[in-house]
Amino acid sequence: MRHAPIATLKIASAVVFLLALLVAVPLLINATGRTDLYYTLTSVALLSIISAGVWITFYIGRINIGQGAYALMGGYVSAILVMNYGMSFWLTLPLAGLFCAAASVLIGLPILRLRGVYFAMVSLVLTEVARLLALALPITNGASGIVSIPLPSRLSLFGLTLIPDFATLANPRLSFYIASVLLMALCFLGLYRLAHSRIGQLCQSLQQNEELASSIGVNIAYLRVVAYALSSFLGGVGGAMFASISQSIYPSSFTVADSVNFMLNCFLGGLGYVLGPMLGTFVLYFGWDLLFQTGEFQLLIFSTALIVLMLVLPNGLLSLALPRKRSL
Amino acid sequence: MEQVIANGLYLGAQYALIALGLTLIFALMNVLNFAHGQMYVLGGFVTYTIYGQLKLPFVVALICSGVTLAIFGGLMEKFLFRPVVRRSKREESTMLLAAATAFFLDAVMLLLFGEKQRGVPKIISGVFVSDRVILPYDRILVGVIAILMIAAFMLFMQYSKPGRAMRALAQDRVAAQLMGVKVERYSMIGFALGAMLAGVVGGLLVSITGVNSGIGGPISIKAFLMVMIGGAGVVGGAIAGGFILGMMESVGLTVLREYGDITYLVIFALLMIFLSIRPHGLMGKPWG
């Protein structure tokens, strides 16, 4: 009971944040006429979902630089199902996630036994494998990719229209934005629940010492496959949504650089915080966009800022908000 | 087939030298140096400037590449990695730093040298031709230099005082410190040495394949592959990994040519299978 006021405060602030995103931001955009911001913000929402997946693998003490592989896979699964089998996009969204989760169980069983840099390096290679596979497989249409994917169609349940047909809407950008923000909210709500549940605690025990966790009866093999599958699920969903928004997917839609960025988002926000990936994605994406005006110096300024940030706040941006404890 | 083996050996010698630097840095600092490929490219550009533009002898250019990178690596360790390692709660934070450094080097090289592919005049012309093997002389020379460098590095690590100190550090940092090894100094020397190796290979290879500012990333991935094959943080493993990858690439490009560009796909698949049987590479410590 002691925590009740804090919990209400948290719920209230989450609701306010969501309302701000869903109501205030569109109003502001309408007022200023900067409709291009919809696309930017949608991207941030989706990228933070994908980064949230990476965060889960960090939570079990693995450095995951292979999330791009699952995002690419999810994008292709959704695109192929929509194009070749005429399925509704909204149905392919969870299917893409599930496909990635299943694939990640198969891939994860052997490679999750690796630790530290070994896992990091293998996962880095995974993105490259996905790209080469997308180039080589016949169903993915090789280097030309899959283009002109139709916009998401109507989703109705018992004759009730839940989601209207995006193609008939006056402003599909806004609807994509709202869908992405809702998806992001759902994802981070789940993540928060997970991190504060029993499984979350067990995951933390894996992060600290796997042998010890195993010795007191934690099924570490099962737990890390589950965590990795969850992580890939989020990657797949995010990738599928991206393919739908850009209405195309290519083997180079998600590359090693993207995988590294997903990892950086988590680091930048702070690995110890659930909201870390969201904040990290926002700062990284907007920082990069803002620096676009500096032209050829964009990358130079961006990387210098990253290095300085790392020197000043090695535990992530969110470590600013918490009381500073002297660590060893 | 002899041609394929000769190509493989030549590639392997280059690769081994790249992997050596990466594995050394990892063994000493537990840092996965994402910027290794970019360091290689920087070495290539230094050689391009001195040998290709200023027309000084190739040896001078090579030494300059090594020295530049050694200084750069030493400074990077002292001012970037050391403070971050000391202050961050999780070791992985250094990866962000390494990635940021990679971006930084990419940006600097893009500004200084542009996007174009840069090549230099041949060191020696002529081609060695026998009835089975055809190899240009400059490739042979570069291969021989690479092998000599590997040998020198091994001897240095085995018999010199800094070499012994670094091996002790790699085995157990705390124990080495208790035995009176100056941990900070040798970490810096090790980082500088690793960076120097990357720079020298860059300088060697620019004389054959040329260099452009975008190839740092792919080179890093190849270096990671080699280190994984051999085992992270093990000098012998890096050399073995380098030669194995060089050989596989050379054989794969010949054998799989008719199936399209799938050599690396096959190599990755083999690597996954190999790692699921032996998670710590050929010679790595378990959970290095």
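Residues numbered from 1 in each chain as written. Chains lettered and ligands numbered in written order. Predicted model: local features only at pLDDT ≥ 70, side-chain atom pairs only at ≥ 80, totals over all residues. Heavy atoms only, no water.

## A few points about the overall build of chain B
Of regular secondary structure, chain B possesses 11 helices and two strands. When the helices and strands of chain B are read in sequence order from the N terminus, they spell out α-α-α-α-β-β-α-α-α-α-α-α-α. Expected size for 288 residues packed as a compact globule is a radius of gyration near 19 Å; at 19 Å, chain B falls within 12% of this value. For chain B, the C-alpha atoms occupy an extent of roughly 60 × 50 × 35 Å along the three principal directions. Considering chain B as a whole, with its 288 residues, one finds that 56% of them fall into the buried category. (Helix = DSSP H or I, 4+ residues; strand = E, 2+ residues; numbered from the N terminus. Rg over C-alpha atoms; globule rule 2.2 N^0.38 Å. Buried < 20%, exposed > 50% of the residue type's maximum accessible area, 1.4 Å probe, protein only.)

## Observations regarding the overall build of chain A
Along the backbone of chain A there are 12 helices and two strands. Seen in sequence order, chain A has helices and strands lined up from the N terminus as α-α-α-α-α-β-β-α-α-α-α-α-α-α. Against the compact-globule benchmark of 20 Å for 328 residues, chain A has a radius of gyration of 20 Å, which places it among compact chains. Oriented by its inertia axes, the alpha-carbon framework of chain A measures out at about 60 × 50 × 45 Å. Looking at the 328 residues of chain A, the share that counts as buried comes to 50%. Once local pairs closer than 6 in sequence are excluded, the contacts in chain A between residues at least 24 apart make up 76%. Carbon and sulfur atoms provide 70% of the accessible area of chain A, an area that totals close to 15,300 Å². The distance from the centre of the 15 positive side-chain charges to the centre of the 8 negative ones in chain A is 16 Å. (Contact = heavy atoms within 4.5 Å. Areas by Shrake-Rupley, 256 points an atom, 1.4 Å probe, with all protein chains shown as cover. Lys, Arg positive; Asp, Glu negative; His and termini not counted. Charge placed at Lys NZ, Arg CZ, Asp CG, Glu CD.)

## Some details on the packing of helix α2 (residues 36-59) of chain A against helix α11 (residues 276-290) of chain A
Residue and element names in this part refer to chain A. Packing of α2 against α11 brings their axes to within 8 Å, and their N-to-C directions diverge by 135°. In terms of orientation, α2 lies oblique with respect to α11. The way α2 lies across α11 gives a crossing that is right-handed. Side by side, α2 and α11 meet where Leu37, Thr40, Leu41, Ser43, Val44, Leu47, Ser48, Ser51, Ala52 and Trp55 of the first sit next to Pro277, Met278, Thr281, Phe282, Tyr285, Phe286 and Asp289 of the second. Residues belonging to the contact of α2 with α11 are distributed by class as follows: 11 nonpolar, five polar and one charged. (Axes fitted to C-alpha atoms, helices over the stretch in contact; angles between N-to-C directions. Parallel < 35°, antiparallel > 145°, perpendicular 65-115°, else oblique. Left-handed = near helix turned anticlockwise from the far one by under 90°. Nonpolar A, V, L, I, M, F, W, Y, C, P; charged D, E, K, R; others polar.)

## Here we look at the confidence of the model for chain B
All names here are of chain B. Here chain B averages 86 in pLDDT, and 98% of its residues register 70 or above. Looking at the elements of chain B, mean pLDDT is at its lowest for strand β1 (residues 127-129), recorded as 81, and at its highest for helix α2 (residues 36-53), recorded as 91. Taken together, the chains of this predicted complex give a pTM of 0.84 and an interface ipTM of 0.77. (pLDDT = per-residue confidence, 0-100.)

## Some points on the UniProt feature "transmembrane region" (unreviewed entry) in chain A
Residue and element names in this part refer to chain A. Feature annotation in UniProt places "transmembrane region" (unreviewed entry) on residues 12-31, 37-61, 68-87, 93-112, 174-192, 225-250, 262-288 and 300-322, given in this structure's numbering. Each end of residues 12-31 is marked by a C-alpha atom, and these two atoms are 27 Å apart; helix forms 100% of the span and strand 0%. Structurally, residues 93-112 is divided into 95% helix and 0% strand, and its ends, taken at the C-alpha atoms, are 26 Å apart. (UniProt positions renumbered as here; feature names shortened; annotations may be inferred.)

## What to know about empty space enclosed by the protein
Enumeration according to the criterion identifies two cavities of 30 Å³ or more in this entry. Of the pockets and cavities examined, the largest cavity occupies roughly 50 Å³. If you go around the largest cavity, the residues you meet are Phe267, Leu268, Leu309, Met310, Leu313, Pro314, Asn315, Gly316 and Leu317 of chain A together with Leu96 of chain B. Considering only residue class, the lining of the largest cavity consists of eight nonpolar, two polar and no charged. One number sums up the size of the second largest cavity: a volume of about 40 Å³. As for the second largest cavity, its lining consists of Ile56, Leu194, Ile199, Cys203, Leu223, Val226, Ala227 and Leu230 of chain A. Contributing elements (two or more residues each) for the lining of the second largest cavity: α7 (198-208) and α9 (220-246) of chain A. The dominant element in the lining of the second largest cavity, judged by the number of residues it contributes, is α9 of chain A, at four residues. In terms of residue class, the lining of the second largest cavity is made up of eight nonpolar, no polar and no charged. (1 Å grid on protein atoms, 1.4 Å probe; cavity = no way out; pocket = protein on both sides within 12 Å on 5 of 7 lines; lining within 4 Å. Points joined across faces, edges and corners; volume = space filled by probe spheres on them.)

## Topic: the interface of chain A and chain B
On the chain B side, the residues contacting the 47 residues of chain A number 47 residues. Both sides of the chain A and chain B interface together cover about 4,300 Å² of buried area, and 80% of this is carbon and sulfur. For the interface between chain A and chain B, the tally reads zero salt bridges. Viewed at the interface, chain B and chain A are joined by three residue pairs in polar contact (both at pLDDT 80 or more). Elements with a minimum of two residues in the side of chain A that touches chain B: α4 (89-111), α5 (116-136), α10 (256-269) and α12 (298-312) of chain A. With 13 residues, α5 of chain A is the single largest residue contributor to the side of chain A that touches chain B. Its residues assigned to classes, the side of chain A that touches chain B comprises 35 nonpolar, seven polar and five charged. (Buried area = accessible area lost by both parts, 1.4 Å probe. Salt bridge = Lys/Arg side-chain N within 4 Å of Asp/Glu carboxyl O. Polar contact = N/O pair within 3.5 Å; in protein donor to acceptor, adjacent residues only side chain to side chain.)

## Regarding the nonpolar core
Ranked by size, the top nonpolar core spans 193 residues in total, and within it Ile65, Met263 and Leu264 of chain A together with Phe34, Phe81 and Met95 of chain B carry the most contacts. Every residue in contact with Phe81 of chain B, bar those within four places of it in the chain, is listed here: Met29, Val31, Met76, Thr94, Leu97, Ala98 and Phe191 of chain B. (Core = buried A, V, L, I, M, F, W, Y, C linked by side-chain atoms within 4.5 Å.)

## Some points on the pattern of salt bridges
Summed over all chains, the structure comprises six salt bridges over all chains. For Glu128 of chain A, the salt bridge identified is with Arg131 of chain A, shortest N-O distance 3.0 Å. Of the two residues, Glu128 of chain A and Arg131 of chain A are both situated in helix α5; the distance of three residues between them amounts to about one turn of the helix. Where Glu77 of chain B meets Arg82 of chain B, a salt bridge forms, and the shortest distance between an N and an O atom there is 2.9 Å. With respect to burial, Glu77 of chain B and Arg82 of chain B carry one shared label: buried. Among the charged side chains, a network of salt bridges with common partners joins Arg62, Glu210 and Arg224 of chain A.

## Concerning a positive patch on the surface
Residues and elements named next belong to chain B. Together, Lys161, Arg164, Arg167, Lys182 and Arg185 make up a region of like positive charge exposed at the surface. Sorting elements by how many residues they give to the positive patch places helix α6 (residues 161-171) first, with three residues. Mapping Arg185 onto the fold places it in helix α8 (residues 183-206). (Patch = residues over 30% accessible without salt bridge, like charges linked within 9 Å, V, L, I, M, F, W, Y side chains within 5 Å.)

## Thoughts on the side chain of Ser51 of chain A
Note that Ser51 of chain A resides in helix α2. Here the side chain of Ser51 of chain A touches Asn265 of chain A through a polar contact of 2.9 Å, side chain to side chain.

## A short note on the layout of surface pockets
Of the voids in this model, the second largest pocket is the one considered here, and its volume is about 1,000 Å³. Along the walls of the second largest pocket sit 39 residues, with Thr255, Ala257, Asp258 and Asn261 of chain A together with Phe103 of chain B positioned nearest its centre. Listing elements by their share of the lining of the second largest pocket, those giving two or more residues are α2, α9, α10, α11 and α12 of chain A together with α4 (93-113) and α9 (216-230) of chain B. Take the lining of the second largest pocket: its biggest share by element is seven residues, from α10 of chain A. Across the lining of the second largest pocket, the residue classes tally to 23 nonpolar, 14 polar and two charged.

## Some thoughts on the packing of aromatic side chains
Residues and elements named next belong to chain B. Per the counting criterion, the structure on display carries 18 aromatic pairs over all chains. Seen in terms of ring centroids, Phe34 and Phe224 are 5.6 Å apart; in terms of plane orientation they differ by 85°. Their pairing is edge-to-face. With Phe34 in the loop between α1 (2-29) and α2 and Phe224 in helix α9, the pair connects residues that are 190 residues apart, well separated along the chain. For the pair formed by Phe34 and Phe224, the shared burial category is buried. (Phe/Tyr/Trp six-rings, centres within 6.5 Å; stacked < 30°, edge-to-face > 60°.)

## Things to note about the UniProt feature "transmembrane region" (unreviewed entry) in chain B
Under the present numbering, the feature "transmembrane region" (unreviewed entry) in UniProt falls on residues 12-35, 56-75, 95-113, 140-159, 188-211, 223-247 and 259-277 of chain B. Secondary structure content for residues 223-247 of chain B is 84% helix and 0% strand, while the C-alpha to C-alpha distance between its ends is 14 Å.

## A look at α8 of chain B
With 24 residues, α8 of chain B ought to run about 34 Å at 1.5 Å a step, and its terminal C-alpha atoms sit 35 Å apart, in line with that. The element α8 of chain B is extensively covered by neighbouring structure, given that 19 of its 24 residues are classed as buried. (Expected span 1.5 Å × (residues − 1).)

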